Amino acid sequence: MKAKKTTLLGIHYATRDVIRMELNKGMISGLTVVEEGARSGSEQAGELPVVAPGLTELQINGYMGVDFNGDKLDADQVEILSSKLVRTGVTLYYPTFITSSPEIISKRIRTVKEAVGQGGLASRMIGGIHVEGPFISKEDGPRGAHAKKYCIDPDPELVKAWQDEAGGLIRILTLAPELPGSVNLI
């Protein structure tokens, strides 16, 4: 089977130069600047797309009708969200779960792990899971929109259990460093 080679033209996002990218099996294998005098009519700068690195979203609670904190979240919805998000230029993201009961957070973690395990677009886009709470202040103000009744002190054993369920996917954990037990968890 022959290796699939593709050539793409575009505007470099930083230099604004017209560039020719050679792709081999989906990986960039060559990159050259196309000098103005060597361009054909279809290679004029105003008619080409901008080529830039993908964006990373560190905290995403949902997008376009898919809610990572909703009761109906399933692996198919994670895949749908991924397909919608990539069209905006985001190529890496961290599904974020806000403060709720440990059982609900656990269920959401397992859902994202399932989606990643299916090998689809979500598996290539999800850089990890962001758990935002429940180890945050119960005080009004610092707590923001998080449900006070679920705010708890940091619990390393709970985080270990979640990380086991996640297969190591938890990469970001938001917590209040002033709470008892936070230093031990950190």
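Residues numbered from 1 in each chain as written. Predicted model: local features only at pLDDT ≥ 70, side-chain atom pairs only at ≥ 80, totals over all residues. Heavy atoms only, no water.

Remarks on the overall build of the protein
Part 1: A count of helices and strands for the protein gives five helices and 10 strands.
Part 2: On C-alpha atoms alone, the protein measures out to a radius of gyration of 22 Å, which is more than a quarter above the 16 Å that the 2.2 N^0.38 rule sets for 186 residues.
Part 3: Considered along the principal axes of its C-alpha atoms, the protein spans approximately 65 × 40 × 30 Å.
Part 4: Taking all 186 residues of the protein together, the buried fraction comes to 38%.
Part 5: Taking as baseline every contact in the protein between residues at least 6 positions apart, the subset at least 24 positions apart corresponds to 63%.
Part 6: Carbon and sulfur atoms form 54% of the exposed surface of the protein, whose accessible area is close to 10800 Å².
Part 7: Side chains of the protein carry 21 positive and 23 negative charges; the gap between the two charge centres is 6 Å. (Helix = DSSP H or I, 4+ residues; strand = E, 2+ residues; numbered from the N terminus. Rg over C-alpha atoms; globule rule 2.2 N^0.38 Å. Buried < 20%, exposed > 50% of the residue type's maximum accessible area, 1.4 Å probe, protein only. Contact = heavy atoms within 4.5 Å. Areas by Shrake-Rupley, 256 points an atom, 1.4 Å probe, with all protein chains shown as cover. Lys, Arg positive; Asp, Glu negative; His and termini not counted. Charge placed at Lys NZ, Arg CZ, Asp CG, Glu CD.)

Focus on the pairing of strand E10 (residues 170-174)
Part 1: Both strand E9 (residues 129-132) and E10 contribute to a ladder of four bridges, which runs parallel. Counted as the bridge partner of Glu132 is Thr174 from E10.
Part 2: Handedness of the crossover joining E9 and E10 through helix H4 (residues 156-166): right-handed. (Pairing = 2+ DSSP bridges. Right-handed = clockwise from strand over helix to strand, strands pointing away.)

Overview of the environment of Asp74
Part 1: One can find Asp74 in the loop between strand E7 (66-67) and helix H1 (75-86).
Part 2: Using a relative accessible area of 34% as the deciding quantity, one classes Asp74 as partly exposed.
Part 3: With 22 residues separating them along the chain, Asp74 and Ala52 place their C-alpha atoms 31 Å apart.

Points about the packing of aromatic side chains
Part 1: Taken as a whole, this structure holds three aromatic pairs when the rule is applied.
Part 2: A ring pair is formed by Phe135 and Trp162, whose centres lie 6.0 Å apart and whose planes are at 35°; its orientation type is tilted. With a gap of 27 residues between them, Phe135 in the loop between E9 and H4 and Trp162 in helix H4 connect regions that are remote in the sequence. Considered together, Phe135 and Trp162 belong to a single accessibility category, that of buried residues.
Part 3: A connected cluster of aromatic rings, assembled from ring pairs, spans Phe68, Tyr93 and Phe97. (Phe/Tyr/Trp six-rings, centres within 6.5 Å; stacked < 30°, edge-to-face > 60°.)

Examining the pairing of strand E8 (residues 90-98)
Part 1: Bridge count for strand E5 (residues 55-60) against E8 is four bridges, and the pairing is parallel. By the bridge assignment, Thr56 is partnered in E8 with Leu92.
Part 2: Two elements, E8 and E9, share three bridges in a ladder whose sense is parallel. Among the inter-strand pairings, Phe97 is bridged to a residue of E9, identified as Val131.

As for H1
Count 3.6 residues to each turn of an α-helix, and residues three or four apart come out pointing the same way.
Part 1: Its 12 residues place the ends of H1 17 Å apart at the C-alpha level, agreeing with the 16 Å of an ideal helix rising 1.5 Å per residue.
Part 2: By the burial criterion, the buried members of H1 are Ala75, Val78, Leu81, Ser82 and Leu85. An end-on view of H1 places all buried positions within 115° of arc, on one side of the element.
Part 3: Its buried side turned inward, H1 meets E5, strand E6 (62-63), E7, E8, helix H2 (102-117) and helix H3 (121-125).
Part 4: Sitting at the amino-terminal end of H1 is Asp74, which places a side-chain oxygen 3.1 Å from the backbone nitrogen of Asp76. (Expected span 1.5 Å × (residues − 1). Arc of directions from axis to C-beta. Polar contact = N/O pair within 3.5 Å; in protein donor to acceptor, adjacent residues only side chain to side chain.)

Quick word on the sheet that holds strand E3 (residues 27-33)
Part 1: Here four strands make up an open sheet; going across it, the order is E3-E2-E1-E4 and the pairing mixed. At either end of the open sheet lies a strand with only one pairing partner, and these are E3 and strand E4 (50-51).
Part 2: Across six bridges, strand E2 (residues 18-24) lies against E3 in antiparallel orientation. Opposite Glu22, over in E3, you have Gly30 as the bridge partner.

Keep in mind these values describe shape, not function.
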